[in-house]
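# Report on the structure
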Amino acid sequence: MQVAWWGLIPFVTMLLSIAVLPLHPVTAHHWERPKVQAAVALGLGLPTALWVVLAGEHALVWHALLEYAQFITLLLSLFVVAGGLFLAGDIRATPRNNTAFLAVGGVLASFIGTTGAAMLLIRPLLNTNSERRHKVHTMVFAIFVVANCGGLLTPLGDPPLFLGMLRGVPFTWTFSLAPEWLFVNALLLVTYYGVERRAYRDEQAADLEADEAQQTPLGLHGRANIVWLAVIVAAVAFLPSVDVHAIESGHVGVLQLVPWRELVMLGAAGASYRLGDKRTRFEDNGFTWAPIVEVAALFIGIFLTMIPALRFLRQVAPSLPLGEVTFFLFSGGLSAVLDNAPTYATFFEMASQLPGEPRVANVPELYLTAISLGSVLCGAITYIGNGPNFMVKSVAENAGVTMPSFGGYVVRALRWLVPVLAAMVLVFIADPLWCHLLGWALAAAIATRGLLSLRLPLTPAADDSTASAGAERPGRR
């Protein structure tokens, strides 16, 4: 099946709908309705699938639907189980404590998903800072670290990496990205600590005294869900799904037709929902099905419209000037303004057509590394790059925090996040020695900028060992 350039139109239209319709005042209200999202997704996806079937490539549609089912099953399972966990409490909102919150979230993101980690930590982080005036920067860095960059270490961490696993990338391969994960998240935390100390010095003494007085210990509700999370992790790592290759070859047994991985994940989610504490889920967490329904509705359109788009890109990939840096820039740039999961799949297919050794899942490993880093890390540059970004924004605004506009958030990302990513590219992806030296120099400058705040003494009322923080007030950053 040869696909002309216009085969990209349904896919591009789908992604632009996701990016633009929620932001435009005329369409934003209608877009919030799941029926509208499903209508757009199926209106673009079903004709595309029919065209592919009529072209004699029905197997491509079957593969897309199977991959969609596997993808949604993972997100649904993590969403349900994480919805039964609630971290309660209100500790002192010092720069040290807030930085520790983000660091823990950055670790958890790789094992319970960026969505699960963000939803677990955002409410206690807001509670801890409820007396603070200056806290928008904390929500922004929560998006950077917890909702995006922390999820780089396992296929559970971020949807693009799970799509890679479905395409044959070993579960443990992403552990090889640990140096980049540590580099990026450490620099972001150092940057945050510097910004936070400066903001903390500007707090009112009365607010800090209120924060000091209103403390409750942290406590985890719904601990049984940790077991179900472990079951999901084990299922993804060790259990097989439907064996597509055996089906295609015509040598398939009954057991190879059973989606063992998905059945176990759904069983864990069902047990969490039925057996878990209802107060923790519905009162503490305010659990609703709306977010996962939205994801399911939109991604059926993405997976179906992606079929001809991926075929076209496979055709043109050998003629494009692609390399490690350009793969990072292209996959990262599109992940920032579209959605990072289909962006990853697109460039994964393109890279599979290029020469290079060693290969992972039939993709040159150097290119796979660049695509993985670009898709996961650059999803934090805008609100629309990754699903949890908007979730954090919504929860924070419901708590009274005036979050930045779309443009305001991008300005903060360009100031705090993009320099860190530039340093990472120079150190880990670019080839020339001068690039490595420049990258380490830039990293040193970023770290120095953050650590210079240690020279600024906190006011006595805001001493890092005696005080804490709280709520956003109008007109403050």
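Residues numbered from 1 in each chain as written. Predicted model: local features only at pLDDT ≥ 70, side-chain atom pairs only at ≥ 80, totals over all residues. Heavy atoms only, no water.

### Notes on the packing of helix α8 (residues 178–201) against helix α19 (residues 406–429)
Across the interface, α8 lies against α19 with an axial gap of 10 Å and an inter-helix angle of 150°. Here α8 is positioned roughly antiparallel relative to α19, judged by the angle of their axes. As for the relative orientation of α8 and α19, their crossing is right-handed in sense. Contacts from P179, E180, F183, V184, L187, L188, T191 and V195 of α8 reach α19 at W416, L417, V420, L421, A423, M424, V427 and F428. In the contact of α8 with α19, the residues fall into 14 nonpolar, one polar and one charged. (Axes fitted to C-alpha atoms, helices over the stretch in contact; angles between N-to-C directions. Helix = DSSP H or I, 4+ residues; strand = E, 2+ residues; numbered from the N terminus. Parallel < 35°, antiparallel > 145°, perpendicular 65-115°, else oblique. Left-handed = near helix turned anticlockwise from the far one by under 90°. Contact = heavy atoms within 4.5 Å. Nonpolar A, V, L, I, M, F, W, Y, C, P; charged D, E, K, R; others polar.)

### Side note on the pattern of salt bridges
Counted by the stated rule, this structure contains six salt bridges. With its nearest N and O atoms 2.9 Å apart, the salt bridge here joins E196 to R132. Residue E196 is located in helix α8, and its partner R132 is located in the loop between α5 (95–128) and α6 (136–145); the two are separated by 64 residues in the primary sequence. Pair check on accessibility: E196 and R132 agree, each one buried. As a salt-bridge pair, E283 and R279 come within 3.6 Å of each other at their nearest N and O atoms. Here the residue E283 and the residue R279 both occupy positions in helix α13 (residues 278–284), the gap between them amounting to four residues, near one helical turn. Judged by its relative accessible area of 55%, R279 is exposed. Taken together, the salt bridges that share partners define one network made up of E67, R167 and E349. (Salt bridge = Lys/Arg side-chain N within 4 Å of Asp/Glu carboxyl O. Buried < 20%, exposed > 50% of the residue type's maximum accessible area, 1.4 Å probe, protein only.)

By themselves, these are just geometric observations and shouldn't be taken as functional.
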